[in-house]
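# Reading the structure
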Amino acid sequence: QKLTHDQLNDINNRKTSALLIAACQMGVAAAGGSEEMLEAAAQYAAAVGLAFQIRDDMLDVLSTEQELGKPIGSDAQEQKNTFMALYGEEKCAEMVGKLTERAKQVLREGFSDCAFLCELADSMAVRRN
């Protein structure tokens, strides 16, 4: 079944982003953070989660089995519709870049010390495995 952009987003929101949102918000809650910090953490995690998923779709096409550490091309073999199948490499790379910048922006607005999480977002945007 061909999935739309919105359907792919919905799937991501229920797995990758949901896990990251929970982890980020638990950290804020454990530290006694404010409601604004909880919201910033959720927005950061949602953006990073979607960027991670799009990058994962890209790597299934662009990487090597040795580099990725698992078989590549499985999405196409299973006829899975992915962001890469919908948009191609250039548009996916652009989407990852915009999502990563959005994630860093909301962190800077919500937290004073966010260098590590900004670096993490940057590294996930260009990961090779």
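The structure contained in this document is the topic of the report that follows. (Residues numbered from 1 in each chain as written. Predicted model: local features only at pLDDT ≥ 70, side-chain atom pairs only at ≥ 80, totals over all residues. Heavy atoms only, no water.)

### Things to note about the nonpolar core
Within the largest apolar cluster, 23 residues are counted, with the highest numbers of intra-cluster contacts made by Tyr44, Ile54 and Phe83. Listed by contribution, the elements that provide at least two residues to this core are helix H3 (35-62), helix H6 (83-110) and helix H7 (115-125). A total of 9 residues in this core trace back to one element, the largest contributor, which is H6. Setting aside residues up to four positions removed in sequence, Phe83 forms contacts with His5, Leu8, Asn9, Leu50, Gln53, Ile54, Asp57, Gly88, Cys92 and Met95. (Core = buried A, V, L, I, M, F, W, Y, C linked by side-chain atoms within 4.5 Å. Buried < 20%, exposed > 50% of the residue type's maximum accessible area, 1.4 Å probe, protein only. Helix = DSSP H or I, 4+ residues; strand = E, 2+ residues; numbered from the N terminus. Contact = heavy atoms within 4.5 Å.)

### Things to note about the side chain of Lys104
Counting through the fold element by element, Lys104 comes out in helix H6. You can call Lys104 buried: its relative accessible area is 7%. In this structure the side chain of Lys104 is engaged in a polar contact, spanning 2.8 Å, whose partner is the side chain of Asp122. Apart from residues lying up to four places away in sequence, Lys104 is in contact with Cys118, Ala121 and Asp122. (Polar contact = N/O pair within 3.5 Å; in protein donor to acceptor, adjacent residues only side chain to side chain.)

### Section: the state of the cysteines
Within the structure shown, the criterion is met by 0 disulfides. Cys24 carries a free sulfur, and the closest cysteine sulfur to it, the one in Cys118, is 12 Å from it. (Disulfide = S-S within 2.5 Å.)

### Some points on empty space enclosed by the protein
One pass over the structure, following the stated rule, counts 1 cavity of 30 Å³ or more. In this structure, the largest cavity encloses a volume near 30 Å³. Val48, Ala51, Phe52, Thr100, Ala121, Met124 and Ala125 together form the lining of the largest cavity. When residues of the lining of the largest cavity are traced back to their parent elements, those giving at least two are H3 and H7. Residues belonging to the lining of the largest cavity are distributed by class as follows: 6 nonpolar, 1 polar and no charged. (1 Å grid on protein atoms, 1.4 Å probe; cavity = no way out; pocket = protein on both sides within 12 Å on 5 of 7 lines; lining within 4 Å. Points joined across faces, edges and corners; volume = space filled by probe spheres on them. Nonpolar A, V, L, I, M, F, W, Y, C, P; charged D, E, K, R; others polar.)

### A look at the environment of Gln25
Examined against the element boundaries, Gln25 turns out to sit in helix H2 (residues 16-30). Spatially, the C-alpha atoms of Gln25 and Ala40 are 8.9 Å apart, while their sequence positions differ by 15 residues. Contacts of Gln25, omitting those with residues within four sequence positions, involve Leu38, Ala41 and Ala42.

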